[in-house]
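# Understanding the architecture of this molecule
Next come the chains, spelled out residue by residue.
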There are 2 protein chains.
Amino acid sequence: MYSEAMATQDRLIETTQELLWERGYVGTSPKAIQQRAGVGQGSMYHHFTGKSDLAAAALSRSAQQLRAQAEQQLAGPGTAYERIAAYLLRDREVLRGCRIGRMAQDPDVIAEAELRRPVEETFDWLCGRIAEIVAEGQADGEFATGPDPADIAAAVVAVLQGGYVLARAADSPEPFHQAVRGALALLRNR
Amino acid sequence: MYSEAMATQDRLIETTQELLWERGYVGTSPKAIQQRAGVGQGSMYHHFTGKSDLAAAALSRSAQQLRAQAEQQLAGPGTAYERIAAYLLRDREVLRGCRIGRMAQDPDVIAEAELRRPVEETFDWLCGRIAEIVAEGQADGEFATGPDPADIAAAVVAVLQGGYVLARAADSPEPFHQAVRGALALLRNR
DNA sequence: GTCTATACACTGATAGAC
DNA sequence: GTCTATCAGTGTATAGAC
């Protein structure tokens, strides 16, 4: 086990994850993947049927990793507010943006169901998971019971995704941190 | 005045605005612009030095339009909360996303100062404008005075930008509306 | 499994005629 | 101002040898 073939496949997938993060789907060519991975043309097309097949594998893996990372903070100790704050305040490479959220802007990803699915599922899961925590907070009297937990959760996730947009626009992580601070201020003591 | 040359330039700029919105900078080719605008190759290169020159003109125009649109709600009547709510609840083509925010994901836009500047300036202006309104609301006792108005403003703008991301990921406007409802619920009565 | 060769359209432009 | 010709390089593969 752990054959050479497996190693090549993995290098291709990892490299594709990187390039999709940096340049998006439209901006990533098979040639660029091959060069960065140090894998030949024939080799790439032996393991994957083409660019979109490889991208689907890369996105699935990124989605799984993002979910595992998020769960570290969301399943941690503390009150509902503390767990959401821990997630929002987690150390992030802000200017690189979100590996999954970035794909939502790519027309070819949105158009191809295979590629959009991991993106959709990730946000469905994340919003649902945070909504659970908000609902717990409401049940404990920590948050006001008026708003739908799903609405609050969507706002929390949107602040992160939008924070990345503001940071990249400014070429500075600061607007991201402002948005997170603002969201936490609004969330506190509700 | 209103020469034919002006009309051609305008058609090129408008077409480029559309294509940048739909496909981003990396995904938009000079040829695609020419074909959709019904303008020949030589004509395009007569009026603009190249793709990035044309994109700069298109982004400047989009930035100016976005600003004028936003000001309609932000300068309207009502309390601070009401004006922010009016802006967030304005009718939008949610699945098309934000013409300006979309550009923040494009590596070639972020890398080229000429192209990033209109994006940066738009968000600087928008966050500043909303921060003013939040500060007014705090002065009037409408909002709690603890949080920095700039943080609240960044969170509000991030909810919009992130809401577009969630909507495109889901291929449905609903998550956008959830995020907006969530943000307004948090903002209310503060 | 990996390599090289080949293919054909598209990218982003420049040159010069009209 | 607009048109057509031309160009070197890239995008996204397929074919067949090793």
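Residues numbered from 1 in each chain as written. Chains lettered and ligands numbered in written order. Predicted model: local features only at pLDDT ≥ 70, side-chain atom pairs only at ≥ 80, totals over all residues. Heavy atoms only, no water.

### Quick notes on the interface of chain B and chain A
Each partner contributes residues to the interface: chain B has 46 residues there, and chain A has 46 residues. Buried surface at the junction of chain B and chain A, both sides included, amounts to about 3900 Å², of which 63% is carbon and sulfur. When the buried surface of chain B facing chain A is broken down by residue, Gln105(B), Arg168(B) and Leu186(B) rank first, second and third, together holding 18% of it. Along the contact surface separating chain B from chain A lie four salt bridges. One salt bridge connects Arg181(A) with Asp151(B), and the closest N-O pair in it is separated by 2.9 Å. Where chain B meets chain A, there are ten residue pairs in polar contact (both at pLDDT 80 or more). Secondary-structure elements contributing two or more residues to the side of chain B that touches chain A are helix H1 (4-23), helix H6 (107-111), helix H7 (113-139), helix H8 (149-170) and helix H9 (174-187) of chain B. If you tally residues by element for the side of chain B that touches chain A, the top one is H8(B), at 16 residues. For the side of chain B that touches chain A, the class distribution of residues is 25 nonpolar, eight polar and 13 charged. (Contact = heavy atoms within 4.5 Å. Buried area = accessible area lost by both parts, 1.4 Å probe. Salt bridge = Lys/Arg side-chain N within 4 Å of Asp/Glu carboxyl O. Polar contact = N/O pair within 3.5 Å; in protein donor to acceptor, adjacent residues only side chain to side chain. Helix = DSSP H or I, 4+ residues; strand = E, 2+ residues; numbered from the N terminus. Nonpolar A, V, L, I, M, F, W, Y, C, P; charged D, E, K, R; others polar.)

### Topic: the nonpolar core
By size, the foremost hydrophobic cluster in this structure holds 126 residues, and its most contacted members are Ile130(A) and Ile130(B). Excluding residues that lie within four positions of it along the chain, Ile130(B) makes contacts with Leu74(B), Ile84(B), Tyr87(B), Ala153(B), Val156(B) and Val157(B). (Core = buried A, V, L, I, M, F, W, Y, C linked by side-chain atoms within 4.5 Å. Buried < 20%, exposed > 50% of the residue type's maximum accessible area, 1.4 Å probe, protein only.)

### A closer look at the UniProt feature "domain: HTH tetR-type" (unreviewed entry) in chain A
Following the UniProt record, one finds the feature "domain: HTH tetR-type" (unreviewed entry) at residues 6-66 of chain A. From the first C-alpha to the last, residues 6-66 of chain A spans 23 Å; its make-up is 80% helix and 0% strand. (UniProt positions renumbered as here; feature names shortened; annotations may be inferred.)

### Some words on the protein's contact with DNA strand C
Lining the immediate environment of DNA strand C, one finds 15 residues, of which Ser43(A), His47(A), Pro30(B), Gln41(B) and Lys51(B) sit closest. Counting only the atoms of DNA strand C within 4 Å of the protein, the fraction contributed by sugar and phosphate is 62%. The separation between a phosphate oxygen of DNA strand C and a polar side-chain atom of Thr8(A) is 3.5 Å. When residues of the surface near DNA strand C are traced back to their parent elements, those giving at least two are helix H1 (4-23) and helix H3 (41-47) of chain A together with helix H2 (30-37) and helix H3 (41-47) of chain B. Ranked by residue count, the leading element in the surface near DNA strand C is H3(A), at four residues. (Near = heavy atom within 4 Å.)

### Overview of the packing of helix H8 (residues 149-170) of chain A against H9(B)
Two elements in contact, H8(A) and H9(B), have axes whose closest approach is 7 Å; the angle formed by their N-to-C orientations is 100°. What the angle tells us is that H8(A) and H9(B) run roughly perpendicular. Across from Ala150(A), Asp151(A), Ile152(A), Ala154(A), Ala155(A) and Ala158(A) in H8(A), the residues of H9(B) making contact are Pro175(B), Gln178(B), Ala179(B), Arg181(B), Gly182(B), Ala183(B), Ala185(B) and Leu186(B). (Axes fitted to C-alpha atoms, helices over the stretch in contact; angles between N-to-C directions. Parallel < 35°, antiparallel > 145°, perpendicular 65-115°, else oblique.)

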